[in-house]
Amino acid sequence: MKMQVLMMTIGLLILSLVAQPVWWFGLIYEWWTADRRIKRERRAFGSAVYSDKFEVRHFVLLSLFWGLVMSVVSFAVGMTVPIGWWVCYSVFALIAIIFGLGSRLPITIFVGTVVLYDWFDKASFSHPVMALLRQLGFSRQPVKIAVLIMLLSAVLFLLSRWLKKTGGRFASPKIFAQKRGKLIAGYPFNELLVVPTLVLIPGDFISAHLAFWPVLSLGGTHVTPLFLPILLGLHLTIFKQNPRMAFKRLAKSFLVLSILVLIGGIVALLSQPAAWIILGLAYVGYIGCLLKTRWHDRRQSFWYSKVDHGVRVLGIKPETPAAKMDIQVGDIITTCNQQPVHSETSFYEALLSDPTYCHLKIQTPEGDLKVTETAIFDGSPHEIGIVMFKD
């Protein structure tokens, strides 16, 4: 009997996850984002750099994986959030995704909804609303802002781990034109995740109307488990650095910030007046990490620009001969098969001089010289997999 109850509880929770609109809208948005990227790559380079929708793969696999991890941790520590904030956050996250702002405003939405919830909770006009909600089974048990600060630290930690794993791994170039008409490439990161995290909501508001819904007892108080759709995202373009290295540095900054915010959340548990100061500092720290990354990028002298004395490598297609060669994004190919190259056309003409073999001399962004070579597909020079500026 107990096993049947447990299986029913698990089944109902999975049902609530499947019915989560924020996750599904996030999936649709990521599919649309991937389609736009592929079309942009085909317009700029004749074919897609990454033909698979890696954004969708990341969304599904990483959202569910981190959702499982976060749910286990949250359930183990008894993470309790107020229903008012849960609703407010879910609604704003959904609106942000629908309007294409999900990857730009994840932390802003989190902090903003905490402020909005606390303001509404203390406002005089909220009392009749809360009285009605209590009749429906909602609890008025207060949840400390410090708990939400600690949840914010977990969100920042997830953001840092996500960026370290995926940031810059799929360096998809986007062509920009400077004021003087010179072409440059940038590397945008524009992805989001919706991490379904199991949290506890004070009250038995669901079971009051649906008797089969699971209700737990925590410290003598009834709580209802529900999935919170935690929004993660970043919209940032790198112009003057190795994208992989730039996002790794940003991930490290977010990791340090998450630890500091966790310490601040513990302090806020002991001193409630300090909670708002800590929350404000956490948001300022988040904005500071982004501004520092942009500032560091702008200070570099290097550009992914078109050059006259060779051809700039803007991308390398996976599972191609180029992927096996010692070539990095930003390198300049100066000669191909012993012939100087200065454009896409001259590069492929040099490849055709030996249609089954490729020998390259390369200058790195640091000015070093190197040589690399590989066999290529017979009679298919365009399948070598090197992405460069079109003529």
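This text gives an overview of the structure that appears in the document.

Conventions used here
Residues numbered from 1 in each chain as written. Predicted model: local features only at pLDDT ≥ 70, side-chain atom pairs only at ≥ 80, totals over all residues. Heavy atoms only, no water. Helix = DSSP H or I, 4+ residues; strand = E, 2+ residues; numbered from the N terminus. Buried < 20%, exposed > 50% of the residue type's maximum accessible area, 1.4 Å probe, protein only. Contact = heavy atoms within 4.5 Å. Areas by Shrake-Rupley, 256 points an atom, 1.4 Å probe, with all protein chains shown as cover. Core = buried A, V, L, I, M, F, W, Y, C linked by side-chain atoms within 4.5 Å. Patch = residues over 30% accessible without salt bridge, like charges linked within 9 Å, V, L, I, M, F, W, Y side chains within 5 Å. Salt bridge = Lys/Arg side-chain N within 4 Å of Asp/Glu carboxyl O. Polar contact = N/O pair within 3.5 Å; in protein donor to acceptor, adjacent residues only side chain to side chain. Expected span 1.5 Å × (residues − 1). Pairing = 2+ DSSP bridges. Axes fitted to C-alpha atoms, helices over the stretch in contact; angles between N-to-C directions. Parallel < 35°, antiparallel > 145°, perpendicular 65-115°, else oblique. Nonpolar A, V, L, I, M, F, W, Y, C, P; charged D, E, K, R; others polar.

**Digging into the overall build of the protein**
Okay, so step 1: Secondary structure assignment for the protein yields ten helices and twelve strands.
Okay, so step 2: Taking all 391 residues of the protein together, 51% fall into the buried category.
Okay, so step 3: Put simply, of all contacts in the protein between residues at least 6 apart along the chain, 73% involve residues at least 24 apart.
Okay, so step 4: Here the protein has roughly 19100 Å² of accessible surface; of this, 65% comes from carbon and sulfur atoms.

**Side note on the nonpolar core**
Okay, so step 1: The biggest cluster of nonpolar side chains holds 68 residues, and the ones touching the most others in it are Val81, Trp85, Leu151, Leu152 and Leu250.
Okay, so step 2: Counting residues per element, this core draws most heavily on helix α7 (residues 145–166), at twelve residues.
Okay, so step 3: When near neighbours in sequence (up to four residues on either side) are disregarded, Trp85 contacts Phe110, Thr113, Val114, Tyr117, Leu148, Leu151 and Leu228.
Okay, so step 4: Listed in part, the 20 residues of the second largest apolar core include Ala350, Ile376, Ile384 and Met388.

**Remarks on the side chain of Asn337**
Okay, so step 1: Mapped onto the fold, Asn337 is located in the loop between β8 (332–336) and β9 (339–340).
Okay, so step 2: Among all residues touching Asn337, those that are not within four sequence positions of it are Ala350, Leu351, Ser353, Asp354, Tyr357, Cys358 and His359.

**Brief notes about unusual backbone geometry**
Okay, so step 1: With a phi close to 60°, Glu319 is a non-glycine residue in the positive phi region.
Okay, so step 2: Tracing the sequence through the fold places Glu319 in the loop between β7 (315–316) and β8.
Okay, so step 3: You can call Glu319 exposed: its relative accessible area is 80%.
Okay, so step 4: Phi angles above zero are rare outside glycine, and Asn337 is one such case at about 50°.
Okay, so step 5: Judged by its relative accessible area of 11%, Asn337 is buried.

**Topic: a nonpolar patch on the surface**
Okay, so step 1: Residues Phe25, Val87, Val91, Phe92, Ile95, Ile98, Phe99, Leu101, Leu116 and Trp119 make up a contiguous nonpolar surface patch of roughly 920 Å² in combined accessible area.
Okay, so step 2: For the nonpolar patch, the secondary structure elements donating two or more residues are α4 (83–98) and α5 (106–122).
Okay, so step 3: A per-element tally of the nonpolar patch places α4 first, with five residues.
Okay, so step 4: Note that Val87 resides in helix α4.
Okay, so step 5: Residue Val87 is classed as partly exposed on the basis of its relative accessible area of 38%.

**Here's the deal with the pattern of salt bridges**
Pairing of side chains with opposite charge becomes possible as their charged atoms draw close.
Okay, so step 1: Counted according to the given criterion, the structure contains eight salt bridges.
Okay, so step 2: Notably, a salt bridge pairs Glu55 with Arg37, separated by 2.6 Å at the nearest N-O pair. Pair noted here: Glu55 is in helix α3 (residues 54–77) and Arg37 is in helix α2 (residues 21–45), with a separation of 18 residues, a long-range link.
Okay, so step 3: The buried category is assigned to Arg37, whose relative accessible area is 5%.
Okay, so step 4: A salt bridge links Asp52 to Arg57; the shortest N-O distance between them is 2.6 Å.
Okay, so step 5: For Arg57, a relative accessible area of 33% corresponds to the partly exposed category.

**Things to note about the side chain of Gln241**
Okay, so step 1: Relative to the assigned elements, Gln241 resides in the loop between β4 (221–238) and α8 (243–270).
Okay, so step 2: The buried category is assigned to Gln241, whose relative accessible area is 7%.
Okay, so step 3: At 2.3 Å, the side chain of Gln241 and the side chain of Arg249 are in polar contact.
Okay, so step 4: A distance of 3.0 Å separates a polar atom in the side chain of Gln241 from a polar atom in the side chain of Asp297.
Okay, so step 5: In this structure Gln241 touches Ala246, Arg249, Thr293, His296, Asp297, Gln300 and Tyr304, once residues within four positions along its chain are discounted.

**Description of α4**
Okay, so step 1: End to end, α4 covers 23 Å across 16 residues, agreeing with the expected 22 Å (1.5 Å per residue, within 8%).
Okay, so step 2: Ile83, Trp85, Trp86, Cys88, Tyr89, Ser90, Ala93, Ala96 and Ile97 are the residues of α4 that are buried.
Okay, so step 3: Where α4 terminates, the next one or two residues include Gly100, which has phi positive at roughly 75°.

**With respect to the pairing of strand β2 (residues 183–202)**
Along any regular strand the residues' side chains alternate between the sheet's two faces.
Okay, so step 1: Taking burial as the measure, the 20 residues of β2 include 18 buried ones, the bulk of the element.
Okay, so step 2: Across four bridges, the pairing between strand β1 (residues 174–177) and β2 is antiparallel. Each residue of the ladder has a partner; that of Ala177, found in β2, is Leu183.
Okay, so step 3: Here β2 runs beside strand β5 (residues 304–305); their pairing, made up of two bridges, is antiparallel.

**As for the packing of α2 against α3**
Okay, so step 1: Where α2 contacts α3, the axes come no closer than 7 Å and their chain directions differ by 155°. In this view, α2 runs roughly antiparallel relative to α3, as classed from their interaxial angle. Between α2 and α3, the residues in contact are Trp23, Gly26, Leu27, Glu30, Trp31, Ala34 and Arg37 and Phe54, Glu55, Val56, Phe59, Val60, Ser63 and Leu64, respectively.
Okay, so step 2: Looking at the contact of α2 with α3 residue by residue, the classes come out as nine nonpolar, two polar and three charged.

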